[in-house]
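Summary of the model geometry
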Amino acid sequence: MKKLQMVDLRSQYLDIKTEIDHGIQEVVDSCAFINGPAVQAFQKNMEQYLGVKHVIPCANGTDALQVSMMALNLLPGDEVITTSFTFIATAEVIALLKLTPVLVDVDPGTFNINPAAIERAITPKTKAIVPVHLFGQTAPMEEIMEIAAKYNLYVIEDNCQAIGADYVFADGKKKKAGTIGHIGCTSFFPSKNLGCYGDGGAIFTNDDDLAKQMRVVVNHGMTVRYYHDYVGVNSRLDSIQAAILNVKLARLDTYAAKRLAAADFYDKAFANHPGLKTPERYTRSTHVFHQYTLVTEKVDRKELIDYLASKEIPAMIYYPVPLHLQKAYLDPRYKPGDFPVTEHLCNTVFSLPMHTELDQEQLTYITQHVLNFLNR
Ligand SMILES: *Cc1c(COP(=O)(O)O)cnc(C)c1O
């Protein structure tokens, strides 16, 4: 059996090696390392894939979030509502810009931000909502957009984990995750569903003015060459990374189908087991399974993970600490117990290997050992 990994980038690469190597070599031969034709092509390809007017490539997902907030002209003291159960980057940029992160709890089934809790957290200082499409399915965007319209707030989707997912509105209309709010952000970190071979990111919007402003912000706040009207940042997607992304974007839906097949296998193996709760599928979104995350019930999670490690099965905890209990983010506004769903999840979830290269033999081996442990 092939060695088990949380993400098997090597096997995936070997399958597309000819095209990837060619794409990289082409950039090297052209020496158009910055903003070359591969970047322009990727921008167009991504716009077409998502059905969005503007894609602004940038250096990583964290920058995408930061640039969005800079372009919206949010000012120190403005409140930005986000989830307490996410990767730190979401709250990090809010704090870096001296905005005030306002955290809200999540739904215990989908792990995504709870719209009722968002509405309760709104104050006269609230300017934006940052829903995170955690683990591969979208947050309840229709409810969130209704709340945003009612209170006149911006919505920035953190779509670093759900690129390619479809959201279905009540009237049956579909939109790609990341294209529903005013701005969408994604990351091309190697292990993401659409990953490059280094760092990369992008911002999406249908708003012409916002797009224009964000292109200025990512390029040192420069409107005309060497004339800087704003304080910006330097955030670019390298041409080599864009060349890699062009190859992988063409396969994104196939990759999502492979992840879904692995998730279905896991679901079936663990169905109705009293020790595990399989990830809930949100009816309004397809699931692209960035992670396959289970909730343990009356199981010693550490013992389970140690047992799996002894069988060379990797398992990870995304995420072990809620944002409000992270040392750097401790705040007198918050205390343990404030976000009971998030806190419960942080204590009970674990994720199994999830990627495009899992085969039946590996999946059988993983599920059998998880069940062996539970049924001891
Ligand atoms: C990965 C990730 C980010 C940050 O992306 P980078 O490219 O690593 O900066 C932000 N938010 C979420 C939810 C992520 O998963």
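Parameters at a glance
Residues numbered from 1 in each chain as written. Predicted model: local features only at pLDDT ≥ 70, side-chain atom pairs only at ≥ 80, totals over all residues. Heavy atoms only, no water. Salt bridge = Lys/Arg side-chain N within 4 Å of Asp/Glu carboxyl O. Helix = DSSP H or I, 4+ residues; strand = E, 2+ residues; numbered from the N terminus. Buried < 20%, exposed > 50% of the residue type's maximum accessible area, 1.4 Å probe, protein only. Phe/Tyr/Trp six-rings, centres within 6.5 Å; stacked < 30°, edge-to-face > 60°. Lys NZ or Arg CZ within 6 Å of the ring centre and 35° of its normal. Axes fitted to C-alpha atoms, helices over the stretch in contact; angles between N-to-C directions. Parallel < 35°, antiparallel > 145°, perpendicular 65-115°, else oblique. Left-handed = near helix turned anticlockwise from the far one by under 90°. Contact = heavy atoms within 4.5 Å. 1 Å grid on protein atoms, 1.4 Å probe; cavity = no way out; pocket = protein on both sides within 12 Å on 5 of 7 lines; lining within 4 Å. Points joined across faces, edges and corners; volume = space filled by probe spheres on them. Nonpolar A, V, L, I, M, F, W, Y, C, P; charged D, E, K, R; others polar. Domains from an automatic or database assignment. Buried area = accessible area lost by both parts, 1.4 Å probe. Polar contact = N/O pair within 3.5 Å; in protein donor to acceptor, adjacent residues only side chain to side chain.

Thoughts on the pattern of salt bridges
Evaluated as defined, the whole model comprises 14 salt bridges. D166 is paired through a salt bridge with K176; the nearest N and O atoms lie 3.2 Å apart. Of this pair, D166 sits in strand 6 (residues 166-168) while K176 is found in strand 7 (residues 174-176), placing the two residues ten residues apart along the sequence. Taking relative accessible area as the criterion, D166 reaches 19% and is therefore assigned buried. For K176, a relative accessible area of 12% translates into the label buried. Counted as one network, the salt bridges with shared partners bring together D264, D267 and R281.

Some details on the packing of aromatic side chains
Counted according to the given criterion, the structure contains 16 aromatic pairs. In this structure, K173 packs its charged tip against the face of F169, placed 6.0 Å from the ring centre. Sitting above the plane of the F373 ring, R376 keeps its charged end 3.8 Å from the centroid.

Let's talk about the packing of helix 3 (residues 61-71) against helix 4 (residues 89-96)
Packing of helix 3 against helix 4 leaves a shortest axis separation of 9 Å and a crossing angle of 40 degrees. In terms of axis orientation, helix 3 runs oblique to helix 4. In the packing of helix 3 onto helix 4, the handedness of the crossing is right-handed. Contacts between helix 3 and helix 4 pair T62, L65, Q66 and M69 from the former with A89, T90, E92, V93, I94 and L96 from the latter.

As for empty space enclosed by the protein
For the coordinates displayed, the defined rule picks out two cavities of 30 Å³ or more. In this structure, the largest cavity occupies an estimated 60 Å³ of space. Around the largest cavity, the lining residues are V7, D8, L9, Q12, P190, K192, N193, K248, R259, H355 and T356. Class assignment of the residues belonging to the lining of the largest cavity gives a composition of three nonpolar, four polar and four charged. Counting residues domain by domain, the lining of the largest cavity receives three or more from each of domain 1 (9-105 + 113-249) and domain 2 (252-375). Taken as a whole, the second largest cavity encloses approximately 50 Å³ of empty space. If you go around the second largest cavity, the residues you meet are G109, T110, F111, L134, F135, Q137, P279, E280, H287, Q291 and T293. Per-class residue counts for the lining of the second largest cavity are four nonpolar, six polar and one charged.

Topic: the domain arrangement of the protein
As assigned here, the protein comprises domain 1 (9-105 + 113-249) and domain 2 (252-375). Distance from the C-alpha centre of domain 1 to the C-alpha centre of domain 2: 25 Å. In total, about 3,300 Å² of surface goes out of reach between domain 1 and domain 2, with carbon and sulfur atoms giving 56% of it. At the junction of domain 1 and domain 2, the tally comes to one salt bridge. Our count for the contact surface shared by domain 1 and domain 2 stands at 23 residue pairs in polar contact (both at pLDDT 80 or more). Contributions of two or more residues to the side of domain 1 that touches domain 2 are made by helix 1 (9-30), helix 4, strand 3 (100-104), helix 6 (141-151), strand 6 and helix 8 (239-249). In terms of residue count, the dominant contributor to the side of domain 1 that touches domain 2 is strand 3 (five residues). In terms of residue class, the side of domain 1 that touches domain 2 is built from 24 nonpolar, 13 polar and seven charged.

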